[in-house]
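This is what each chain is made of:
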Amino acid sequence: MSGAPSTDPAGHAAVAERDAVGPAFDRLWAALEPVGTDPTGGYRRLAYAPPELELRAWFAAEARARSLDVHEDRAGNLWAWWGDPTAGDALVTGSHLDSVRRGGAFDGPLGVVSGLLAVDVLRARGVVPSRPVAVAAFADEEGARFGVACAGSRLLTGQLDPAHALALTDDDGVTYAAALRASGRDPADLGPDAEVVPSIGTYVELHVEQGRALDGLGAAVGVASAIRAHGRWRFDLAGRPDHAGTTRLEDRDDPMLAHARTILAAREAATAHGGLATVGRVQIEPNGVNAIPARVRTWLDARADEEASVRAIVADVAAAAGVGPVEESWTPRTDLDAALRDRLAARLGGAPVLATGAGHDAGILALAGIPTAMLFVRNPTGVSHAPEEHAGRDDCLTGVVALADVLADLLDDAAGVR
Ligand code: HGY
Ligand code: MN
Ligand code: MN
């Protein structure tokens, strides 16, 4: 028996329940607020760096405070279990704790906090789960330190080769392996976790919206339909290093010119192929004002509704760069489970359904064949991956109740959708 109150988050029972979860939300959010603040703004919670390790400890403590059994899988993902995971067909919610550099407060943590609080709400309703329930915190979703997005969920589901991951390096030359070791983990353990994936029956991730569609619709909560195709490519541009003040222009081999062409080509190609392209990261060696660079490494983030458009953008940029792209991360367009999508939207009183251009662990689990859904919480700024990212407290609380409603519905699984 789900014991869920009204399906309409604006309904009276839902409002009362929403307000009741407020103090717990405030407490959890206040605990996260000071962790990993970036002095230039926003948050810097890079995978396996001290602030993210502090968040992992926080998650484990909050899980244990709820008598949830905490487990870290072989890919570094954290699981807080309500019930026996070996029973299988688990209903899992959660998100990630890591951030991009100068990231917002909500991208990731809102889903983890909401998952913990949804367990509180279900228990307050007297729900006795018909299947195991877990709240997950996936490792290294942003790929901000080592370059591969959703590294934890990809490793877990066999979509990222552990040897490749272990050799990835951060800006300081620290390898993934060294970062694991420094955090007390054995790199030799890194890899898929044969027990965990088969035990997951359904995954529902709540995430702050990274856009303003819900704001435009006047809706606090929405349901995801698809994650657009997206990937990351690196271009290695070589030059001939020399003195800025003594090298004639006609004698120069300056990789910054190819870099300039790459940046302009990205915008032109995105426009031409109806996608998005961003050049937001570059490494210049030796990065001196008075030295013609020896090498420029530049990264392209390209996204579109369909793979063909993304591939066309990358090809155009490669032509401008004059070198081939090195693919560092790729996620095909992922349509989330349609039956689950429609069931959640109906359960939430006809919540809006929208696609997203942002990648998520939900997409990786869906690609692994796990029935997956996402809830979005309104972001009035529409901004993400920047300090201005925001979700109002009432909308966050409404999101918690909505998540509890859909989890209760899936636990009370008359419709048979898992
Ligand atoms: O890049 C993305 O779309 C996600 O935030 N990792
Ligand atoms: Mn993100
Ligand atoms: Mn995210």
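All of these numbers come straight from a predicted model, not from anything done at the bench.

(A) Broad picture of the side chain of Glu209. Tracing the sequence through the fold places Glu209 in the loop between β5 (200-208) and α8 (213-217). At 3.0 Å, the side chain of Glu209 and the backbone nitrogen of Leu214 are in polar contact. Other than its neighbours up to four places away in sequence, Glu209 contacts Leu214, Asp215, Leu354, Phe376, Val377 and Asn379.

(B) The site of ligand 1, seen in detail. Within the structure, ligand 1 sits among Glu141, Glu142, Arg303, Ala358, Gly359 and His385. Glu141 places a polar side-chain atom, nitrogen or oxygen, 3.1 Å from a nitrogen atom of ligand 1. Within the side chain of Arg303, a nitrogen or oxygen atom sits 2.6 Å from an oxygen atom of ligand 1. Its free accessible area being 210 Å², ligand 1 has 95% of it covered by the protein chains.

(C) Focus on the domain arrangement of the protein. By the assigned domains, the protein splits into domain 1 (12-228 + 333-412) and domain 2 (230-330). For domain 1 versus domain 2, the distance between C-alpha centres works out to 32 Å. On the side of domain 2, 11 residues touch domain 1, which itself brings 13 residues to the contact. Surface buried jointly by domain 1 and domain 2 totals about 1,000 Å² across both partners, of which 29% is contributed by carbon and sulfur atoms.

(D) Layout of the pairing of strand β2 (residues 78-82). For β2, a buried count of 5 out of 5 residues is recorded, marking the element as mostly surrounded by other parts of the structure. Relative to β2, strand β1 (residues 69-72) is paired through 4 bridges, and the arrangement is antiparallel. Bridging across to β2, Glu72 finds its partner in Leu78. Following β1, the chain reverses through 5 residues before pairing antiparallel with β2; Gly76 in that reversal takes a positive phi of roughly 90°. Bridge analysis of β2 against strand β4 (residues 133-138) gives 5 bridges, and the strand direction is antiparallel. Counted as the bridge partner of Leu78 is Ala137 from β4.

(E) Spatial organisation of the nonpolar core. Core analysis: the largest hydrophobic core is formed by 58 residues, its most contacted members being Trp58, Phe59, Leu110, Val204, Leu344 and Leu375. Of all the elements, helix α13 (residues 393-411) adds the most residues to this core, at 11 residues. Apart from the residues lying within four places of it in its own chain, the contact partners of Phe59 are Leu78, Trp79, Ala80, Leu97, Val112, Leu116, Val135, Ala136 and Ala137. Within the second largest apolar cluster, 39 residues are counted, among which are Leu155, Leu156, Leu160 and Ile200.

(F) Representation of the coordination of the manganese ion (ligand 3) within the structure. Distances from the manganese ion (ligand 3) to its protein donors, His96 (NE2), Asp107 (OD) and His207 (NE2), fall at 2.1 to 2.2 Å. For the manganese ion (ligand 3), the single-chain donor residues occur in sequence as H-x10-D-x99-H. Separating the manganese ion (ligand 3) from the manganese ion (ligand 2) is a gap of 3.5 Å, which Asp107 spans by donating to each of them. Here Asp107, found in the loop between β3 (90-96) and α3 (109-124), pairs with His207, found in strand β5; they are 100 residues apart in sequence, far enough to count as distant. Look at His207 and you get buried, because its relative accessible area is 1%.

(G) A look at unusual backbone geometry. Cis geometry marks the peptide bond from Glu285 to Pro286, where omega comes out at 5°. Secondary-structure assignment places Pro286 in the loop between β9 (276-285) and β10 (291-292). Phi at Asp140 is positive, roughly 50°, even though this residue is not glycine. Tracing the backbone shows Asp140 in the loop between β4 and α4 (151-156). According to the relative accessible area criterion, Asp140 is buried, its value standing at 1%. In this model, Asn287 sits at a positive phi of 65°, which is unusual for a non-glycine residue. With a relative accessible area of 56%, Asn287 lands in the exposed category.

(H) The pattern of salt bridges, seen in detail. Applying the stated rule across the entire model yields 31 salt bridges. The salt bridge involving Asp171 is made with Arg101; its shortest N-O contact spans 3.5 Å. With Asp171 in the loop between α5 (162-167) and α6 (176-182) and Arg101 in the loop between β3 and α3, the pair connects residues that are 70 residues apart, well separated along the chain. A salt bridge links Arg240 to Asp242, with the shortest nitrogen-to-oxygen separation between them at 3.0 Å. Salt bridges linked by common partners bring Arg27, Glu62, Arg66 and Asp120 together as one network.

Calculation notes
- Residues numbered from 1 in each chain as written.
- Chains lettered and ligands numbered in written order.
- Predicted model: local features only at pLDDT ≥ 70, side-chain atom pairs only at ≥ 80, totals over all residues.
- Heavy atoms only, no water.
- Helix = DSSP H or I, 4+ residues; strand = E, 2+ residues; numbered from the N terminus.
- Polar contact = N/O pair within 3.5 Å; in protein donor to acceptor, adjacent residues only side chain to side chain.
- Contact = heavy atoms within 4.5 Å.
- Near = heavy atom within 4 Å.
- Areas by Shrake-Rupley, 256 points an atom, 1.4 Å probe, with all protein chains shown as cover.
- Domains from an automatic or database assignment.
- Buried area = accessible area lost by both parts, 1.4 Å probe.
- Buried < 20%, exposed > 50% of the residue type's maximum accessible area, 1.4 Å probe, protein only.
- Pairing = 2+ DSSP bridges.
- Core = buried A, V, L, I, M, F, W, Y, C linked by side-chain atoms within 4.5 Å.
- Donors = N, O, S within 2.8 Å, 3.2 Å for Na, K, Ca; no water.
- Salt bridge = Lys/Arg side-chain N within 4 Å of Asp/Glu carboxyl O.

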